[in-house]
Amino acid sequence: MVPLPQEQRYTYADLLAWDDSTRYELYDGQPVALASPSNAHQLICAELLRQLANYLIGKRCKVYPAPFDVRLFEEKDDPPEDVSVAVQPDLSVICDSSKTDGHGCKGAPDMVIEVTSPSTARYDKLLKFNLYQRAGVREYWIVDPAARVVSVFTLENGRYQAAAYGSDSSIPVGVLDACTIDLSTVFPET
């Protein structure tokens, strides 16, 4: 992920207008092109999606895989021209259906999962961490395929509290009653 060189500030309206197959995230008006994920990244996302989606059958919460635009600070009636932050988490869990529209999510999802890669780790661990915390994402998971570890951040009094889980753990999902994720099937064998 490398920011595109420019001096202009862009909005979500600009991203919607671009006729381009490239996926972008928008950080304070600056677009960042997203690289295609690795096979391991895709397998991890698919397994997490499978477990979450199976748990959510018949429930009000839904899980959405990328590409899915999350406009973290967008208010109900904000036009796309007023939105300067849009991210595409690997997985987003949303329990309030009024936050979704034809493009993604308006406001903070209940839970976000990011699977790191060498090109995204800094964004996931610093920039997105701070954005998600500030926006009020109640639970944020950072999955590190190389270390085979999941860091879980739970929002308490406006700040994230951390816990870490190894590849043989089961993780309770704080925003979903009685849901656990079995990590033993998440990380592909190397």
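Preceding this paragraph is the structure being described.
This section reports on the structure supplied with the text. Because the structure is a prediction, the values reported are computed rather than measured.

## Regarding the pattern of salt bridges
Reasoning step 1: Applying the stated rule across the entire model yields 9 salt bridges.
Reasoning step 2: A salt bridge links aspartate 28 to arginine 9; the nearest nitrogen and oxygen atoms lie 3.3 Å apart. Of the two residues, aspartate 28 sits in the loop between strand S2 (24-27) and strand S3 (30-33) while arginine 9 sits in the loop between strand S1 (2-3) and helix H1 (12-17), which places them 19 residues apart along the sequence.
Reasoning step 3: We classify aspartate 28 as partly exposed; its relative accessible area is 48%.
Reasoning step 4: Note on arginine 9: relative accessible area 47%, which makes it partly exposed.
Reasoning step 5: With a shortest N-O distance of 2.6 Å, arginine 71 and aspartate 101 are connected by a salt bridge. Here aspartate 101 lies in the loop between strand S6 (91-94) and strand S7 (104-106) and arginine 71 lies in strand S5 (residues 69-71), a separation of 30 residues in the sequence.
Reasoning step 6: Overall, arginine 71 belongs to the buried group, its relative accessible area being 2%.

## Some thoughts on the state of the cysteines
Reasoning step 1: Counted according to the given criterion, the structure contains 1 disulfide.
Reasoning step 2: The thiol of cysteine 105 is unpaired, and the distance to the nearest cysteine sulfur, on cysteine 95, comes to 11 Å.
Reasoning step 3: For cysteine 105, a relative accessible area of 0% corresponds to the buried category.
Reasoning step 4: Unpaired in this structure, cysteine 179 has its nearest cysteine sulfur neighbour in cysteine 61, at a distance of 9.9 Å.

Reading the values: the criteria
Along every chain, residues carry numbers that run from 1 in the direction the sequence is written. For a predicted model such as this one, the threshold for reporting local features is a pLDDT of at least 70, and the threshold for listing and counting side-chain atom pairs is 80 or more; totals across whole chains, interfaces and linings nevertheless cover every residue. Heavy atoms from the whole structure form the basis of all side-chain values; hydrogens and water molecules are not counted. Here, a salt bridge means any side-chain nitrogen of Lys or Arg that lies within 4 Å of a carboxyl oxygen of Asp or Glu. Put simply, DSSP marks the helices as runs of H or I at least four residues long and the strands as runs of E at least two long, and each gets a number from the N terminus on. Think of it in three bands: residues with accessible area under 20% of the maximum for their type are buried, residues over 50% are exposed, and the middle band is partly exposed, with areas taken using a 1.4 Å probe on protein chains only. By disulfide we mean two sulfur atoms from cysteines, separated by a distance within 2.5 Å.

Any link to function would need more than the numbers given here.
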